[in-house]
Amino acid sequence: NLLRRAHHAEVFRTLARDVEGVLSVEQVADDLSALAETTLAISLDWCWRRLKNRHREQPQLAIIAYGKLGGKELGYGSDLDIVFVYEDDDENASEVYALLVRKLITWLTVKTSEGDLFANYQQQRGSNTAWTWEHQAMTRARFVLGGVSLRQQFEQIREGVVTAPRNAALLRDEITAMRDKVRSAHPVKRNVFDVKHSRGGMVDAEFAVQYLVLSQSAQHPALVANVGNIALLQRAEAAGLLPSGVGEAAAKAYRALRRVQHQARLNEAPTQVVPGTLEAERAAILALWAAVFQALSV
């Protein structure tokens, strides 16, 4: 209860400054992401200290963030997409860390948890190994908690995944096919524009960035770091991977759509608007999509 009260108070402080127009979209996301990381760190420490069968002073456990938290783009009410990874040769390590994670999940509502075998799974391809959509997720992955050794291993694994050699045409087909599946799973009525799922919405921008990272990071190291979609769009344009103005316009549009999404969640309102309300932003995202994917078909 103490932790929840402190968390709610900090969210309210951020919300108040947001409503007053003091904070930018990026600053709101940075504040909410930092709060989530701090909450995770405190919760993990408290859970570990109260674990009866703990066998060492500090747990050899890391937390990897994906999605919005991974990209430091957390919004109000966003889920925490996190993975737990441990490195401990104690014979009871598996049981101990499984109990720790269950205890932590009881304290916090999170979506995912994993055990070991992280590196081998991500770096292989073929039967029963990582699919392209999981590599897309790795572009958004970020180490948020854990020891130096695990951090170094994670950074090496992530860089190896995003810079691995790929067939650009095949990657394009797989990512656009996945985009179609996501769109089918989130149908939008014809008379509205959904800032996240409609054509020209946030998901289109995110998939375009993921393609650029996975296809170009090996040749353009500036795209390796997980610095968020806005900064990556700007870096892609600076690297000559997007026509002049397209990346910057898409970055501004993505920022504007995120602002609309934040406000909708604050007001418990739908993230759908009447057509024409965000036409310039939609056009900028569609131009990005065309520059990234349709140009490859020519």
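Residues numbered from 1 in each chain as written. Predicted model: local features only at pLDDT ≥ 70, side-chain atom pairs only at ≥ 80, totals over all residues. Heavy atoms only, no water.

1. Observations regarding helix α7 (residues 148-162)
To be explicit about the condition: In this description a helix means any DSSP run of H or I spanning at least four residues, a strand means any run of E spanning at least two, and both kinds are numbered starting from the N terminus. Expected helix span is taken as 1.5 Å per residue step, with the number of steps being one fewer than the number of residues. The buried label applies to any residue whose accessible area, calculated with a 1.4 Å probe on protein chains only, is under 20% of its type's maximum; exposed applies above 50%, and partly exposed to all values in between. In this description, the arc belongs to the directions extending from the helix axis to the C-beta atoms.
Helix length check: α7, at 15 residues, gives a terminal C-alpha distance of 21 Å against a target of 21 Å (1.5 Å per residue), a fit within 8%. Buried within α7 are the following residues: Leu 150, Phe 154, Ile 157, Arg 158, Val 161 and Val 162. Relative to the axis of α7, the buried residues are bounded by an arc of 120 degrees and lie together on one face. The outward face of α7, more than 90 degrees from its buried face, is lined by the exposed residues Val 148 and Gln 156.

2. Quick word on the side chain of Arg 172
Counted only if it meets this: Identification of polar contacts relies on pairs of N or O atoms within 3.5 Å, with a donor-acceptor requirement for protein atoms, meaning one able to donate a hydrogen and the other able to accept it, and with residues adjacent in sequence counted only if both atoms are side-chain atoms.
Relative to the helices and strands, Arg 172 resides in helix α8 (residues 168-185). Within the local environment of Arg 172, its side chain forms a polar contact with the side chain of Asp 173, the two groups lying 3.0 Å apart.

3. Here we look at the sheet that holds strand β1 (residues 61-65)
The pairing of strands in a sheet comes from backbone hydrogen bonds and takes either a parallel or an antiparallel form. Formally: Strand pairing is defined by DSSP finding a minimum of two bridges between the two strands. Convention adopted: a line fitted to C-alpha atoms gives each axis, helices being fitted over their contacting stretch, and angles between N-to-C directions are expressed from 0 to 180 degrees. The criterion used for residue contact is that any of the two residues' heavy atoms lie within 4.5 Å.
Read across the open sheet, the three strands follow the order β2-β1-β3; overall the sheet is antiparallel. Looking at which strands have only one partner, the edges of the open sheet turn out to be β2 (82-86) and β3 (142-145). The sheet shows a mean angle of 35 degrees between the axes of neighbouring strands, taken without regard to direction. The pairing of β1 with β2 spans five bridges and is classified as antiparallel. Pairing of Ala 62 across the sheet is with Val 85, part of β2. Sheet strands in contact with helix α2 (residues 25-49) are β1, β2 and β3, and its direction is about 45 degrees off that of β3. This element, helix α4 (residues 93-107), spans β1 and β2 of the sheet and lies at about 155 degrees to β2.

4. Focus: the pattern of salt bridges
Condition: When a carboxyl oxygen of Asp or Glu is within 4 Å of a side-chain nitrogen of Lys or Arg, the pair counts as a salt bridge.
One pass over the structure, following the stated rule, counts 16 salt bridges. A salt bridge links Asp 173 to Arg 172, with the nearest nitrogen and oxygen atoms 3.0 Å apart. Since its relative accessible area comes to 39%, Asp 173 is described here as partly exposed. Arg 183 is the partner of Asp 180 in a salt bridge, and the nearest nitrogen-oxygen pair spans 3.1 Å. On the criterion of helical spacing, the pair formed by Asp 180 and Arg 183 is a turn pair, its members being three residues apart in helix α8.

5. Quick look at the pairing of β2
Summarising burial for β2: five of the five residues are buried, a large majority. By the alternation rule, side chains of β2 split into Ile 82, Phe 84 and Tyr 86 and Val 83 and Val 85, which are all buried.

6. Quick look at the nonpolar core
Worth spelling out the cut-off: To form a nonpolar core, buried Ala, Val, Leu, Ile, Met, Phe, Trp, Tyr and Cys residues must be joined to one another through side-chain atoms within 4.5 Å.
One finds Ile 175, Leu 233, Leu 242, Leu 257, Leu 288, Val 292 and Phe 293 to be the most contacted residues of the largest nonpolar core, which totals 36 residues. Among the elements of the structure, α8, α9 (202-216), α10 (229-238), α11 (246-266) and α12 (279-297) are those that each provide at least two residues to this core. Take this core: its biggest share by element is ten residues, from α9. In contact with Leu 257, other than residues within four places in its own chain, are Phe 193, Val 195, Gly 200, Gly 201, Met 202, Leu 278, Glu 281 and Ile 285. Listed in part, the 29 residues of the second largest apolar core include Leu 32, Leu 35, Trp 48 and Leu 74.

7. Points about the confidence of the model for the chain
Put simply, the test is: The predictor attaches a confidence to each residue, and that confidence, scored 0 to 100, is pLDDT.
Chain-level pLDDT for the chain is 88 on average; 91% of the residues reach the 70-or-more range. No element of the chain has a lower mean pLDDT than helix α5 (residues 118-123), at 49, and none a higher one than α9, at 97. Counted against residues more than four places away or in other chains, residues 110-117, with its pLDDT under 50, gives 21 contacts. Note that pLDDT drops below 50 for residues 125-130; the model gives that stretch twelve contacts with residues more than four away or on any other chain.

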